[in-house]
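Close look at the chain arrangement
This is what each chain is made of:
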Amino acid sequence: MLNLLLAWALAQAQPGQPPLPAPPEVQAPLRYLPIRVDARVAPAESIPADARAGDMLVSIVDGQTLRVAVTVRHDELESVNAAAIRAWRAEDDLQIVIPLVSNAATPFEPRCCAAYSQADLMLTLPAGLPVKVTVRTERPQLHVIGEQRLVPQH
């Protein structure tokens, strides 16, 4: 602060010098508003090609409700965890996270074929409609450090 005042004083003392620019404005912190999500997820077996994965349709139901239908591509040993779908709003951006869960018996099973799920979401927004909607699909991180196997002795 002292350096800024000193630089300002020197600029004022020298004629012909342009004045210092104003300090940048402090932006208000982002507010994150939780969103109520009602989700229905069904397997989408009739989708023939990868081109449909990620298709999304957003429609306005009323002034505080959006309906988002999205096709989620995942591995056939995974499924969408409908109970864990969450959403929040940061200013004019609505963020939706669709988590996947593994249905594999062990974490070492190889990934195979693509599968699709259709997620139909009803979102109740507390502060009006957003400008944009962002949907992310997340796979939980699994770090296997080691495996031990024991054989019971009779």
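In every chain, residue numbers begin from 1 and rise along the written sequence. In keeping with the model being predicted, local features are shown solely for residues with a pLDDT of at least 70 and side-chain atom pairs are shown and tallied solely at 80 or more, while totals for entire chains, interfaces and linings include all residues. Water and hydrogen atoms were dropped before computing side-chain values, which therefore reflect all heavy atoms in the structure.

Thoughts on the overall build of the protein chain
Per the secondary structure count, the protein chain includes one helix and nine strands. The way it works is that DSSP assigns letters per residue, a run of H or I at least four long becomes a helix, a run of E at least two long becomes a strand, and they are numbered from the N terminus. Secondary structure elements of the protein chain occur, N-terminal to C-terminal, as α-β-β-β-β-β-β-β-β-β. Counting only residues that meet the buried cut, the protein chain has 24% of its 154 residues in that class. In this description, contact between two residues means that some pair of their heavy atoms is separated by no more than 4.5 Å. For the protein chain, restricting intrachain contacts to residue pairs at least 6 apart in sequence, the fraction spanning at least 24 positions comes to 77%. A 1.4 Å probe and the Shrake-Rupley method give the accessible areas. Residues count as covered only by the protein chains that appear here. Summed over all atoms, the accessible surface of the protein chain reaches about 11,500 Å², with 57% contributed by carbon and sulfur. When accessible area is computed with a 1.4 Å probe and restricted to protein chains, residues below 20% of their type maximum are described as buried, those above 50% as exposed, and intermediate ones as partly exposed.

Focus: the nonpolar core
Working definition of a nonpolar core: buried Ala, Val, Leu, Ile, Met, Phe, Trp, Tyr and Cys residues. They are joined through side-chain atoms within 4.5 Å. Ranked by size, the top nonpolar core spans 16 residues in total, and within it Leu94, Ile96, Ile98, Leu121 and Leu123 carry the most contacts. Where this core is concerned, the elements lending two or more residues are β4 (65-75), β7 (93-102) and β8 (114-124). Beyond its immediate sequence surroundings of up to four residues, Leu94 is in contact with Ile35, Leu66, Ala87, Trp88, Leu123, Leu125, Pro130, Lys132, Val133 and Thr134.

Let's talk about the pattern of salt bridges
Any Lys or Arg side-chain nitrogen located within 4 Å of an Asp or Glu carboxyl oxygen qualifies as a salt bridge. Within the structure shown, the criterion is met by seven salt bridges. The residue Glu138 makes a salt bridge to Arg86 at a minimum N-O spacing of 3.4 Å. Taken together, the residues span a long stretch of sequence, with Glu138 in strand β9 (residues 132-138) and Arg86 in strand β6 (residues 86-90) at a distance of 52 residues. On the accessibility criterion, Glu138 (29% relative accessible area) is partly exposed. One salt bridge connects Glu138 with Arg136, and the closest N-O pair in it is separated by 3.5 Å. Among the ionic contacts, a cluster of salt bridges with common partners joins Arg40, Arg67 and Asp120.

Focus: the environment of Val131
Residue placement: Val131 occurs in the loop between β8 and β9. For Val131, a relative accessible area of 68% gives the class exposed. Separated by 37 residues in sequence, Val131 and Leu94 have C-alpha atoms that sit 7.9 Å apart.

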